[in-house]
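A look at the structure
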Amino acid sequence: MGSIWVVLVVLGCGILVLRYLLKNVNWWLYESKLSVKQYSLPPGDMGWPFIGNMWSFLRAFKSSDPDSFLSSFRSRYGDSGIYKALMFGNPSVIVTTPESCKKVLTDDDNFTPGWPISTIELIGKKSFIAMSYEEHKRLRRLTSSSINGMESLSMYLTYIEENVISSLEKWSNMGEIEFLTHIRKLTFKIIMHIFLSSESEHVMEDLEREYTTLNYGVRAMRINVPGFAYHKALKARKNLVIIFQSIVDERRKLRDGYIPKKSKDMMDALIDVEDEYGRKLDDEEIIDIMLMYLNAGHESSGHITMWATFFLQNHPKYHQKAKEEQEEIIRKRPSTQKGLTLKEIRQMGFLYKVIDETMRVITFSLVVFREAKSDVNINGYTIPKGWKALVWFRSVHLNPEIYPNPKEFNPDRWDEHKVGEFLPFGAGTRLCPGNDLAKMEIAVFLHHFLLHYRLEQNNPNCPVRYLPHTRPIDNCLGRVKKCSSTSM
Ligand code: HEM
């Protein structure tokens, strides 16, 4: 009898010691080294040893309530809007208010990109997310000039419009389709044309398929074991690199031979660029930059186009208002004019509110990563040198104090513009270079959709998945139907 008590006491003590160790191992690894600075860290907790808060992050984002992840910090540690955590293997500070997010994004002296190793391995060590400040500035200027500004946008407008018209026509004859999958193919075709002047159907299919797998790995745990998302994503990256290498080889061959050069696209610009010492980019650099651009340039606009269509279709009042605006544009159009102009797109005031509202509710980029180059003070809290700052856009856009009833789709709320409290494209020197192009692409699609089509979803109340990006789990299965009259 006595020995049972001894075993129970030993077991109890063992559990207590184990619990103490488990609770403190991250403190010991990351916080104890900070000496007095540890006392000015933001509130929060570092979760389980090694995996940190990833388990609760993934559990929340795989449930129907992704925001429970941060509300649990709020309910346990108060409304400071800034919390310490251990995310993607790194000690981190999550910033959730518009002011603190902007502070981090616009302070290049104290912050540098801080993406998790897994993201860098997948998107590329030589892409924008991992290169030096100066190199980024130079290559960003070079590449963004071909997608920004009126001249570039008007150059792509006709191509985008022609492809939107033919795709909608084709889909309306296909019966049941995964609407999201087809929109992603369309936005991919557009970005391939802009960057590579390429339309080879089979290359596009291959690339697009690999990108889908790649993106599943970007927000997953870095477990390189067969069967896990990250392992599959690494394989997808390898395949993407092989395809891009063949595209670069082909382009170099074309340029060296006697075949006439095509109009200058992004690939040509990257092959031609030289730094002040005459150094050109090598294939690896060109491939990583292209891989990053093509990914950023189709996933986001594809998803937002799908959601904007979805929201309009499910909100008859806004559908009607948006449609009337488009009909008015057509009414005012000179009979000799064919197709949309940038001037007409600028007149789509309500449609742009629909797009902004969709980007707010969905917040395609839920978080971006920075790393503190030195100890930084934000709102009285320290982000220690070497720690990550996670700029959590989702909390800014779904904050009920800024956007009452935040989950409701209400484009009219944009009658009052929220300066500084809306960051769908980020801010600072890393602000999305494709923002105007993306909005134009979405507007052109919605223009034709509203005027001539409707979407009949199989499951309008289909559950939503939040990782890697917010989407209905059936990829918006349904039929695109041609409307017989101009009213809904
Ligand atoms: C609705 C569509 C889009 C959304 C919501 C979006 C969102 C964002 C956000 C939030 C960032 C900032 C990342 C950071 O701060 O680290 C970003 C960066 C970027 N985006 Fe977009 N984007 C969209 C469309 C596009 C398009 C169409 C392109 C290409 C043509 C593009 C190319 C890029 C690139 C290359 C970067 C990295 C910029 C840099 O590091 O300097 N994006 N995007």
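Parameters at a glance
- Residues numbered from 1 in each chain as written.
- Predicted model: local features only at pLDDT ≥ 70, side-chain atom pairs only at ≥ 80, totals over all residues.
- Heavy atoms only, no water.
- Salt bridge = Lys/Arg side-chain N within 4 Å of Asp/Glu carboxyl O.
- Helix = DSSP H or I, 4+ residues; strand = E, 2+ residues; numbered from the N terminus.
- Buried < 20%, exposed > 50% of the residue type's maximum accessible area, 1.4 Å probe, protein only.
- Axes fitted to C-alpha atoms, helices over the stretch in contact; angles between N-to-C directions.
- Parallel < 35°, antiparallel > 145°, perpendicular 65-115°, else oblique.
- Contact = heavy atoms within 4.5 Å.
- Nonpolar A, V, L, I, M, F, W, Y, C, P; charged D, E, K, R; others polar.
- Donors = N, O, S within 2.8 Å, 3.2 Å for Na, K, Ca; no water.
- Near = heavy atom within 4 Å.
- Polar contact = N/O pair within 3.5 Å; in protein donor to acceptor, adjacent residues only side chain to side chain.
- 1 Å grid on protein atoms, 1.4 Å probe; cavity = no way out; pocket = protein on both sides within 12 Å on 5 of 7 lines; lining within 4 Å.
- Sits in = over half its atoms within 2 Å of the grid points.
- Pairing = 2+ DSSP bridges.
- Points joined across faces, edges and corners; volume = space filled by probe spheres on them.

1. Topic: the pattern of salt bridges
Inspection of every chain in the model, using the stated rule, returns 36 salt bridges. As a salt-bridge pair, D288 and R237 come within 2.7 Å of each other at their nearest N and O atoms. With a gap of 51 residues between them, D288 in helix α12 (residues 283-314) and R237 in helix α10 (residues 229-256) connect regions that are remote in the sequence. K388 serves as the salt-bridge partner of E371, at 2.9 Å between the closest nitrogen and oxygen. Of this pair, E371 sits in strand β5 (residues 367-372) while K388 is found in strand β8 (residues 388-392), placing the two residues 17 residues apart along the sequence. Assessed through its relative accessible area of 26%, E371 is described here as partly exposed.

2. Some thoughts on the packing of helix α13 (residues 316-332) against helix α15 (residues 349-362)
For any two helices packed against each other, the geometry is given by the interaxial angle and the distance between the axes. Their axes nearest at 8 Å, the elements α13 and α15 cross at an angle of 140°. When the interaxial angle is binned, α13 and α15 end up oblique. Side by side, α13 and α15 meet where Y318, K321, A322, E325 and Q326 of the first sit next to G349, F350 and L351 of the second. Of the residues in the contact of α13 with α15, the class split is four nonpolar, two polar and two charged.

3. Side note on the coordination of the iron atom of the ligand
Exactly one protein atom donates to the iron atom of the ligand; that atom is C432 (SG), 2.3 Å from the metal. Within the secondary structure layout, C432 lies in the loop between α16 (393-397) and α17 (435-452).

4. Some words on the site of the ligand
In the vicinity of the ligand there are 28 residues, among which H136, R140, R370, R430 and C432 approach most closely. Between an oxygen atom of the ligand and a side-chain N or O atom of R140, the distance comes to 2.8 Å. Within the side chain of R370, one N or O atom sits 2.7 Å away from an oxygen atom of the ligand. More than half of the atoms belonging to the ligand lie within 2 Å of the grid points that define the largest cavity.

5. Here's the deal with the pairing of β5
With five of its six residues buried, β5 lies for the most part within the structure. For strand β3 (residues 111-113) and β5, the ladder comprises three bridges, and the chain directions are antiparallel. Within β5, the position partnered with F111 by the bridge is A372. By the bridge criterion, five bridges tie β5 to β8 in an arrangement that is antiparallel. Residue pairing for β8: V367 is matched across the bridge by W392.

6. Re empty space enclosed by the protein
A complete count under the given rule lists four cavities of 30 Å³ or more for this structure. Within this model, the largest cavity holds a volume of roughly 1200 Å³. As for the largest cavity, its lining consists of 46 residues, and the residues nearest its centre are W115, A296, S300, S365 and C432. Breaking the lining of the largest cavity down by element, the ones donating at least two residues are α5 (117-123), α6 (133-144), α8 (179-196), α9 (201-218), α12, β5 and α17. No other element matches the nine residues that α12 contributes to the lining of the largest cavity. The class makeup of the residues in the lining of the largest cavity is 28 nonpolar, twelve polar and six charged.

7. Considerations on unusual backbone geometry
For the peptide bond that leads from L467 to P468, omega is -5°, which places it in the cis range. Mapped onto the fold, P468 is located in the loop between β10 (464-465) and β11 (471-472). One non-glycine residue, N379, lies in the positive phi region at around 50°. As for its position among the elements, N379 is in the loop between β6 (376-378) and β7 (381-383). In the Ramachandran plot, C476 falls in the positive-phi region, its phi being about 60° despite a non-glycine side chain. Here C476 shows up in the loop between β11 and β12 (477-482). C476 sits in the buried class, given a relative accessible area of 1%.

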